[in-house]
Amino acid sequence: MALRGLATFDAAFTQRARRVRLRVLLHGLLGGLTSGAVVALPFAALAWWTRHGALRLGALACLAVGTAVARFALRGRRWSDADVALFLDEKLRSDEAIVTALGLRDRTTPPAKMVVKAAMAALARELPKGSGPRVVRVWHLLAPIGCVATLWIARLELPPAALQPPPPPGTDTVALENLEGLDEARALAKLAPGDAAQHERLRAIAERAERLKSQLAKGMPRREAQAELSRLRDDVAAERQRLGAGEERRGLEAALAKLANEAPLDAAGRALGDRDLTQFDDEMEKLANRLEGDDRERAKKTLEEAADAARREGAKDVAKSLEEQKKRLEARAEGAEALRELAKSLGEGLSPEGKRALEEMGKDGSPQDRAELGRELAKALEGLSDTEKKRVAEKLKARARELGEKGREGKTLEHLQRDLATPDGQKGLADALKELAQEPTESEVERRDRALGDAARELGQGESRLQQPGLVPVPIEGGSGAPGNAGGSKDPGRAGVSRGGERGEHGAGTKAVDGDGLRARAAAKLNPGAPNAGSVVGRTPGRTGETARTGGTGRLGEAAPGELSGVERSGIPREYREQVGRYFPAR
Amino acid sequence: MAEEFEARLAEATRTTSRLFDAIAQVIVGQTEVVEQTLWALLAGGHVLLEGAPGLGKTLLVKTIARCLELEFSRIQFTPDLMPSDVTGTNVLVADETGRRSFSLQKGPVFTQVLLADEINRATPKTQSALLEAMQEAACTIAGTRYELSPPFFVLATENPIEMEGTYPLPEAQLDRFLLKVLVPSPSEDEMTQILVRTTGHEHEAPASVLSREEVLTLRRLCRDIAIAEPVVRYAARLVGASDPSSPNAPEVVRRALRYGAGVRGAQSLVLVSKAVALLAGRAHVSFADIARVSKPVLRHRMIRSFEGEADGISTDQVVEALLEHVATRPTAGERPTA
C-alpha cells in the first residue's frame, strides 16, 4: 500500500529491496550477536574459574566482536537486485514478473511494458505475513540468555584460590650487604700463619668469604648461603682445632697428661685440651698473677715437662706453645711479684682500692685486678714525698737482697729501688707501672687463635641471622614454659593437664571410647596456609665456633683429644674422679 | 502500446480457449495432450505422439487440422513406403499435343498439417525424407528445392507396443520433434463419454476456429514473450545437469543416461515455455513454465544407458530427478529461507 504513490518500477523495487536487505542484515547481525553471546558465556565462566575477575565483564566484548564479524561477513553476501527480485517473485507469487521486468533492456516495447505493469502490480501487493526474510529465529534466544548468564557470572563471588604448596625451606632469595663473620673470615688471610700450608688454608677461607659476601650482596638462595656459611664456619673451627690434631695428637695427649698432674694447671690443661689457646693463655695469666714462690716454680717445671713430652711425641707446635707460655709465665709472674712487693713496701700509702686489687689478684689472679693495682701504685708513688720514697726504696732494697739469691725477682726489685732513688727513675717507674697495668701483648699463635675464634663466633651469628623466621617454634598452650590450665580436669575421660613445669593431676581415668559417632574433630587453625613450624637441624652447635662433628677423627679404641682428662674437667666430685677415671685410662 | 499488446494476448487466450472448446467437442479428455500439441503449434515445432492404438491420436490430429482451417494430409507409414511417396516426384506426362514433359507430382508433405501415422513403420530412408522437411520446412525433389507453406506442422504418431517390423527413429531424428507427447489411456469417465459419443449418430465436424494468418500471428506473439535471465539460466542448468559427465548431474542421471539433452533441447524448453506463458496470458516466462514443459520437451532427447534400461528408469523419472535436483536460484543456499 505504501507503494501506491510510487510512479516507477525502479522506485518501487528499490524501496522494497531496501526493506528486504535490511531484514537480511538484521538477521545476520543478530546471528553474530548470538554467536558472541554463546562464546562470551564460557569465556566468562573460564575467567571466573581461573579467578580473573576483571575479564568476566570483558567477555561481553565478544558480543561486539561477533556482531562485527557478522557485519564483515555479510558485506560479501549482500543480495543482488536479481536475488531480491527472485525472492519477491517467490513470495508474491508473481511468476517471475519482477525479475523479468528488472532484466528488461528495453522497457519501451509493448511486451516489456506489460511485464513491468505486472511487476508493479506484484510489488504493490504486501508480502504475506511472516513470508519476509525472518529476522528473529528461535536460536537467537541464546543471545539474551547468554548475556544474562554472563552478567550473573560477573556478579558471582570468585572461587577460593587453590592453596599453593609452600616453597621448600631456604629456596627464597636473600640479599645482604653485610653479614656477621664474613669480614672476620676475610681478615684471616692477613694473619701470620704457622706454616705455608696454613697460609694456603687461611687464604682459601678468606677468598670463599669474599666470594660469599659478593654473592650475598647480589642476592642468592638462602639455602645455598646457609650451606656455604656453615662450611666456612666448619673450616674456621677446624683450623682453630688443628693444634694437636692428626700426628700431633699423641704429643698433645702426653702434654695434657703432664699438666693434669699439677693441680694449679688444671683449668689451663682443660683449655689446651679444648684447643682454646686464648682460654689457655687467660688461665696461664691468672696463674702467673696468683701463684707465688714455689707454686710458680712448680708450674713452670710442669710446663717444661709437658713441652718435652709433646716434643718427644712429635707435637712440635704443642711444645712450642707450651714453651712460649712458660716464658710468658715467667715474665708475668715477675711483674706481678714486683707489683706485689711494691704494694707491700708502700704499706698504708696504698689506697683502699689498691689494697682490694692486691687481695683479689692474690685470690684469682684476674688481669683486671692487676691493672687496677698498677694504676693505684702509680698514684700512690706520685703522692709520696722524697723521704717516703727513700724509705720505700730502702724496703725494696732489703727485699731485693733477701730475694737476690733466689732469682730474677730480686733483680727486679733492685731495679725498682734504683728507680725510686732518682727523679728520672721515679718517672720511669711510674711509666713502668702503668705499662704493667696494661693488658699483656699476645703471641702470634694467640692472635691467630683469637681471630679464628672471633671469626667462628661471628659466622655462627651470621648463620643464625640467615635462618628463616618461620622456623621459630610456635609456643603451644600448656606446653613447657607456658602456663597450663589450672589443675587437672575432673571430668572422666580427660587426662590431667600440666600446670607448666609442674606435675599435673592425673587422677581421672579414661573410659572406653564410644565409637558410634563422631565426637570431636581436630580443627587446628594454627598458621593457616603456612607449613607447620619445624626444622631439620643437621648440626648441633655445642658452643659457638664448634660443631658436633668435631670428634670422630681418631681410630677406634683411642680417645679423641677433647676427651682427654674429661673426667677431671667434668662435674664429677673430686673424691670420685679417680675411681671413674679407671674406666678411661689415657694411652 | 502496452494495452494493445495486452489486448492481443487476451485475444490469443480467447482464441486458444475457443480452440480447446472446439477440440473438446470431438476429443474426450486428453486435455494435456491437446494442450501440449497447441504448445508445439504456437512454438513452431513438431509433435511426436506416442500411445497405444485406439487412443484417438489420429482423430486428435484430424480434429486439430480441421479446427485450424489449414491444409491437412495424412501419410500412413508402412515398410514399403518410399521417400517419393512422401515428398512427391516428377512424372512424365503428355499434354494435349502429345508432347511429353516432366511434371512435379507433389507428395503429401506439401501441406500445412501433416499426420505421419505410425512413423516408425517406414524405413529410415523414408523417415529421413520427412525429417528433412520437418527441419528445413522444405524438400528437395530431383535437385529442386521446394519451400513448404507455413505453418508446416507435423504430428507423427508412434505405437510403442507393436515393435515387430518397425524401425525405431534414431535419436538424432527424434531431436527434430519439439515435443514428445504421451497419449494416456482414458479414465473411466472419459471412456464412458467416448462410448456414448461414438456409438450413436455421427456429430458434425467442428468448425474452424483459427485461420492460417491467426496461427502465424500467434507464433510471432509467442516469440515476443519476455524471459528473465535467471529463468533462462535455470533452463540451461536443467539441460546441463542431464549430461552424465556434468559435475552438477544428479546420481540418477549418471546411472541411467548415456547422453543428455543438447542445445536444441534447451532452446525447445525456452520456446515451449513462452508458448505456455502465452496461453496463460502472461508476457513473461516463469520457472514453473520451464518445469511444466520439461518432460515433453526432454523425454525423447535423453538416451538411456544399458543400466538405465535394465533398471527400468524412464526418461520421465530422470526429468523428475532433474527438477528436484536443480534449484531455480543457484544462490539459494546462501540465503536464509523465508
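All of the points below concern the structure found in this document. Note that the structure is a prediction, hence the values are computed from the model and not measured.

**Quick word on the overall build of chain B**
For step 1, the next point in the chain: Looking only at helices and strands, one finds 14 helices and 11 strands in chain B.
For step 2, the next point in the chain: The long-range share in chain B, meaning contacts at least 24 apart out of those at least 6 apart in sequence, stands at 76%.
For step 3, the next point in the chain: Carbon and sulfur atoms make up 50% of the accessible area of chain B, which totals about 15900 Å².

**Description of the interface of chain B and chain A**
One widely used convention gives an interface's size as the accessible area the parts lose upon coming together.
For step 1, the next point in the chain: Between chain B and chain A, the contact holds 26 residues from the first and 25 residues from the second.
For step 2, the next point in the chain: Taking both sides of the interface into account, the surface hidden between chain B and chain A amounts to around 2200 Å²; carbon and sulfur atoms contribute 67%.
For step 3, the next point in the chain: Here chain B and chain A share two salt bridges between them.
For step 4, the next point in the chain: Salt-bridge contacts for Lys-117 of chain A lead to Glu-6 of chain B; the nearest nitrogen and oxygen are separated by 3.2 Å.

**What about the sheet that holds strand 9 (residues 179–182) of chain B?**
Residue and element names in this part refer to chain B.
For step 1, the next point in the chain: Across the sheet, which stays open at both edges, the five strands sit in the order 2-5-8-1-9 with parallel pairing between neighbours. For this open sheet the edge positions go to strand 2 (72–76) and strand 9, each flanked by a neighbour on one side alone. The mean angle between the axes of side-by-side strands here comes to 20°, regardless of whether they run parallel or antiparallel.
For step 2, the next point in the chain: Sheet analysis places strand 2 next to strand 5 (residues 113–117), joined by five bridges and oriented parallel. Note on strand 5: the bridge partner recorded for Ile-75 is Ala-116.
For step 3, the next point in the chain: This element, helix 3 (residues 57–67), spans strand 1 (47–50), strand 2, strand 5 and strand 8 (153–158) of the sheet and lies at about 160° to strand 2.

**Some thoughts on the pairing of strand 6 (residues 138–141) of chain B**
Residue and element names in this part refer to chain B.
For step 1, the next point in the chain: Sheet topology places strand 6 next to strand 7 (residues 144–147); four bridges connect them, and they run antiparallel. By the bridge assignment, Thr-140 is partnered in strand 7 with Arg-145.
For step 2, the next point in the chain: Taking the residues between adjacent antiparallel strands as the criterion, strand 6 and strand 7 are bridged by two residues, where Ala-142 takes a positive phi near 55°.

**With respect to the packing of aromatic side chains**
For step 1, the next point in the chain: For the structure shown, the criterion picks out five aromatic pairs over all chains.
For step 2, the next point in the chain: Ring geometry for Phe-9 of chain A versus Phe-13 of chain A: centroids 5.9 Å apart, planes at 20°, classification stacked. Placement of the pair is Phe-9 of chain A and Phe-13 of chain A together in helix 1 (residues 9–49), with a separation of four residues, close to one helical turn. Taken as a pair, Phe-9 of chain A and Phe-13 of chain A share a single burial class, namely buried.
For step 3, the next point in the chain: Look at Phe-110 of chain B and Tyr-146 of chain B: their rings are 6.1 Å apart centre to centre, the planes differ by 75°, and that puts the pair in the edge-to-face class. Here Phe-110 of chain B, found in the loop between strand 4 (100–106) and strand 5, pairs with Tyr-146 of chain B, found in strand 7; they are 36 residues apart in sequence, far enough to count as distant.
For step 4, the next point in the chain: Phe-110 of chain B sits in the buried class, given a relative accessible area of 16%.
For step 5, the next point in the chain: Of the residues examined, Tyr-146 of chain B reaches a relative accessible area of 22% and is grouped as partly exposed.

Rules and cut-offs
- Residue positions are counted from 1 within each chain, in the order its sequence is given.
- To read the labels, note that chains go from A and ligands from 1, taken in the order they are written.
- For this predicted model, a pLDDT threshold of at least 70 governs which residues receive local features, and a threshold of 80 or more governs which side-chain atom pairs are given and counted, while totals over whole chains, interfaces and linings are taken from all residues.
- Processing note: side-chain calculations cover all non-hydrogen atoms of the structure and skip hydrogens and water entirely.
- Secondary structure elements follow DSSP: runs of H or I of four or more residues count as helices, runs of E of two or more count as strands, with numbering from the N terminus.
- In this analysis, two residues are considered to be in contact whenever any of their non-hydrogen atoms come within 4.5 Å of each other.
- Exposure was quantified through the Shrake-Rupley algorithm and a 1.4 Å probe, taking into account, for residues, occlusion by the shown protein chains and nothing else.
- By definition, the buried area sums, over both parts, the 1.4 Å-probe accessible area that each loses when the two are put together.
- Throughout this description, the term salt bridge denotes a Lys or Arg side-chain nitrogen within 4 Å of a carboxyl oxygen of Asp or Glu.
- A pair of strands is considered paired only if DSSP assigns at least 2 bridges between the two.
- Axes here refer to lines fitted to C-alpha atoms; in helices the fit is confined to the stretch in contact. Angles between the N-to-C directions go from 0 to 180 degrees.
- Only Phe, Tyr and Trp rings take part, Trp by its six-membered ring, and two of them pair if their centres are within 6.5 Å. Stacked means planes under 30 degrees apart, edge-to-face means over 60, and tilted covers everything else.
- Summary of the burial criterion: residues with accessible area below 20% of their type's maximum are buried, those above 50% are exposed, and those between are partly exposed, where the area comes from a 1.4 Å probe applied to protein chains only.

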